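Below are the chains, spelled out letter by letter.
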Protein chains: 2
Amino acid sequence: MKPKKRITIYDIAEKLNITASSVSRALNNSNHVNEATKNLVLKTAAELNYKRNLLASNLRMGKTKTIGVVVPRINQNFFSNVIAGIEDATYQKGYNLIICQSNESHSKEVKCVNTLMNQHVDCIVISVSVESDDHTHLEHVIEQGIQLIQFDRVAEELETLKVINDNETASMEAVVHLIQQGYKRIALLEGPQNLNIFKQRKTGYLNALKKFNIPVNDELIIENAWTKELGAAATRKLLSLPDPPDAIFASTSDFSALGVLDVAHDMDIKVPSQLGILGYSNEAFTEITTPSITTVDQFSVHMGKTIANLYFEEMENKEVAVTPKVISIKPQLIIRSSTLKNK
Amino acid sequence: MKPKKRITIYDIAEKLNITASSVSRALNNSNHVNEATKNLVLKTAAELNYKRNLLASNLRMGKTKTIGVVVPRINQNFFSNVIAGIEDATYQKGYNLIICQSNESHSKEVKCVNTLMNQHVDCIVISVSVESDDHTHLEHVIEQGIQLIQFDRVAEELETLKVINDNETASMEAVVHLIQQGYKRIALLEGPQNLNIFKQRKTGYLNALKKFNIPVNDELIIENAWTKELGAAATRKLLSLPDPPDAIFASTSDFSALGVLDVAHDMDIKVPSQLGILGYSNEAFTEITTPSITTVDQFSVHMGKTIANLYFEEMENKEVAVTPKVISIKPQLIIRSSTLKNK
DNA sequence: TTTGAAAACGCAATCGATTGCCATGATTTA
DNA sequence: TAAATCATGGCAATCGATTGCGTTTTCAAA
């Protein structure tokens, strides 16, 4: 089957014995066309099944109504939810989404950003990869006048729009909750400290300890324990200390919390009575483990919608001086069985 | 900060005192340019930080190296994994992905497909929504000569490329496993029968029963139980029968299996000894419930890669007569505690 | 030195849609 | 009746990259 030739405004123009200019004006609902011809054009366009060639239109207009999104991994719960939220909000405004994943690699992230710039997206939404310390690729985006919105994992020194979680407060509240439940030696599984989110969560942890005058014990703080396996390994190490912790805050993710839980099961340690476990992200599974895991919900879909709406607001007020705006969403502590020592 | 003017081939041409034609040829590594000027162009382009305007290029070339993907929900585990697989394979070939979600709505699905056609994507990859009975929008895609690839949930009557799971065999093997474990009265939670996948899974169930000469009992087959809540409701209904089932195959999803498990817990029914539970999809959580849930793995990331590679193969051999090709991936039964009655 | 082929590169059209400017004719106002 | 205003809609340039065709240059063979 040979593809039908695509209908252009010239085809419509020819058929109606007018010029493409008028067709274009009619299709764009300009008021410089006669109502009658406008209707005629619309009718003919529908009959011929005309579809506007967005490539041509975008080239001419210099904008694409497209937003590029770069995330470390598309199929990570948090990110796919954010994307779903963005899609939902942008779709309503007739915008499209181009999605890339950096796979946590800096070089791929740079390539993704370049591709998006070549595609002339109107806006780039990014959560940087764990490897990213150099942000010149993001500066290029700004130089080109493309709106840049960072979320969750952000390069803080760049003055861009940002949508973040208040990790510090959330983390502090989580640890305070543990303290109030009577846990005395609270360990922290921390993530790569070049990422703001992990640094903030650590700060929250430290603040909570300080608030209650609990001395910080470095042997209870384990670096880079951000997968299930690393969480498990860290737990084995912690529990074999002469003076082991009685609670572990897996500030990196629920996956590492799951690793903690696994090891606790293996070693026949009772959760929450002997060991409290607290995760981060409110992954679906935290609700159904035994015991269910206390965690922090980040409102990821809502975050996506916030990002999209932030873009649209900036668009509309772009004559106003654009101050680097930061929207901080306060996560919510979800208290479940794994930390309820007092009950 | 005012955006820098974008550099075009004309800027490069002017600077080097040649024409844009030569610049273009140089950038495209054509053999109709002098090696020296080619290098000069490349060097200048790098200096000026030239980026090809893909809008212009695509308009001229008539193709976009872009693939559009339409799924019911981006943030559903199976789909986000498929997307991740597609992204991985297409990225290597320099292709981009535009992602849309239909939210299981037919009208939104149609709009998504139209947008993608307007964007002149080279290929549309789709898993249809549950509402989709009318497929004229997909016929339009074919008419326009855009490659169409259906996956998982497909409109079978359309002769397109398809990548599917062998649901029937997988489902049959699942039920055979239940029978071999000694379960006698096996209930089926089925999904909307207008979707091929659910129909096939039902057929697999029926075939397994027939093979072992087990009579089909309609009161053990519950329609439309494809969420956790519906699965729970169905279970309550089944377990209150005078002669309740001793196993439930939640053929729709692991979520409905989870609903089954919840109700079993509530009613103090022992799994797997009093009730066997079998899900579908191998969601992450099935491994960590108590007991862990036997389920079917669909190799979703691999499925995504298969889809992408199928497209590239078709591209390369497009002179060969294009036969509607169907790739069927055999899912794998993952046996876990929830069905191990014999152990 | 002349001829001829190949190499290198310029010209101009093209991909479709958009839009500022101008021309035409109709309508209105003085 | 003449002048001014307005509604329509055509013309042609534009957005940047690509490419068929044609011209110029180069270099070797005759």
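Heads up: the structure comes first, above all this text.
The shown structure was predicted, so the numbers you read here are calculated from the model rather than taken from an experiment.

> Explain the sheet that holds strand β7 (residues 221-222) of chain A here, please?
Residue and element names in this part refer to chain A. The four strands lie next to each other as β7-β6-β8-β9, forming an open sheet whose pairing is parallel. Looking at strand neighbours, the two that pair on one side only are β7 and β9 (276-278), the edges of this open sheet. Strand direction decides the pairing type here: strand β6 (residues 186-189) and strand β8 (residues 247-250), joined by four bridges, are parallel. If you follow leucine 188 over to β8, its bridge partner there is phenylalanine 249. Its contacts with the sheet put helix α8 (residues 167-180) on β6, β8 and β9, and the angle it makes with β8 is roughly 165 degrees. Taken strand by strand, helix α10 (residues 228-239) contacts β6, β7 and β8, and its axis lies near 150 degrees from that of β6.

> I tried to follow the protein's contact with DNA strand C on my own but got confused; where do I start?
Surrounding DNA strand C, one finds 26 residues, the nearest of these being Ile9, Tyr50 and Arg60 of chain A together with Thr19 and Ser21 of chain B. Arginine 52 of chain A is positioned with one of its side-chain polar atoms (N or O) 3.2 Å from a phosphate oxygen of DNA strand C. A distance of 2.8 Å is found between a base oxygen of DNA strand C and a side-chain nitrogen or oxygen belonging to arginine 25 of chain B. Sorting the residues of the surface near DNA strand C by element identifies α1 (9-16), α2 (20-27) and α4 (54-61) of chain A together with α2 (20-27) and α4 (54-61) of chain B as the ones contributing at least two each. Top element by residues in the surface near DNA strand C is α4 of chain A. It accounts for four residues. Of the residues belonging to the surface near DNA strand C, the class tally is eight nonpolar, 13 polar and five charged.

> Can you walk me through the relation of the copies chain A and chain B in this structure?
One copy of the chain maps onto the other through a rotation about an axis followed by a shift along the same axis. For the match of chain A to chain B, the screw axis carries a shift of 0.0 Å, the RMSD comes to 0.0 Å, and the turn is 180 degrees. Such a combination of turn and shift is consistent with a two-fold rotation axis. Here 100% of the interface residues in chain A have copies in chain B that are interface residues too; the copies meet face to matching face.

Definitions and cut-offs
- Sequence order sets the numbering: in each chain, residues are counted from 1 along the sequence as written.
- Working convention: letters from A go to chains and numbers from 1 go to ligands, in the order in which they are written.
- Only residues with pLDDT of at least 70 get local features here, since the model is predicted, and only at 80 or more are side-chain atom pairs given and counted; chain-wide, interface and lining totals rely on the full set of residues.
- Side-chain calculation: all heavy atoms of the structure are included, whereas hydrogens and water are not.
- Strand pairing requires that DSSP identify at least two bridges connecting the strands.
- Runs of H or I in DSSP of at least four residues are treated as helices and runs of E of at least two as strands, each being numbered from the N terminus.
- Only heavy atoms matter for contacts: two residues are in contact if any of them lie within 4.5 Å across the pair.
- Note on geometry: axes are C-alpha line fits, over the in-contact stretch for helices, and angles between N-to-C directions span 0 to 180 degrees.
- Note on terminology: near, applied to a residue and a molecule or strand, indicates that one of the residue's heavy atoms is within 4 Å of it.
- In protein, a polar contact means a hydrogen-donor-capable atom and an acceptor-capable atom, both N or O and within 3.5 Å, with residues adjacent in sequence counting only if both atoms are side-chain atoms; elsewhere, any N or O pair within 3.5 Å suffices.
- Note that Gly is not counted as nonpolar here; it falls among the polar residues with everything else outside the nonpolar set of Ala, Val, Leu, Ile, Met, Phe, Trp, Tyr, Cys and Pro and the charged set of Asp, Glu, Lys and Arg.
- Copies overlap after least-squares fitting; the atoms used are the C-alpha atoms of residues with pLDDT of at least 70 in both.

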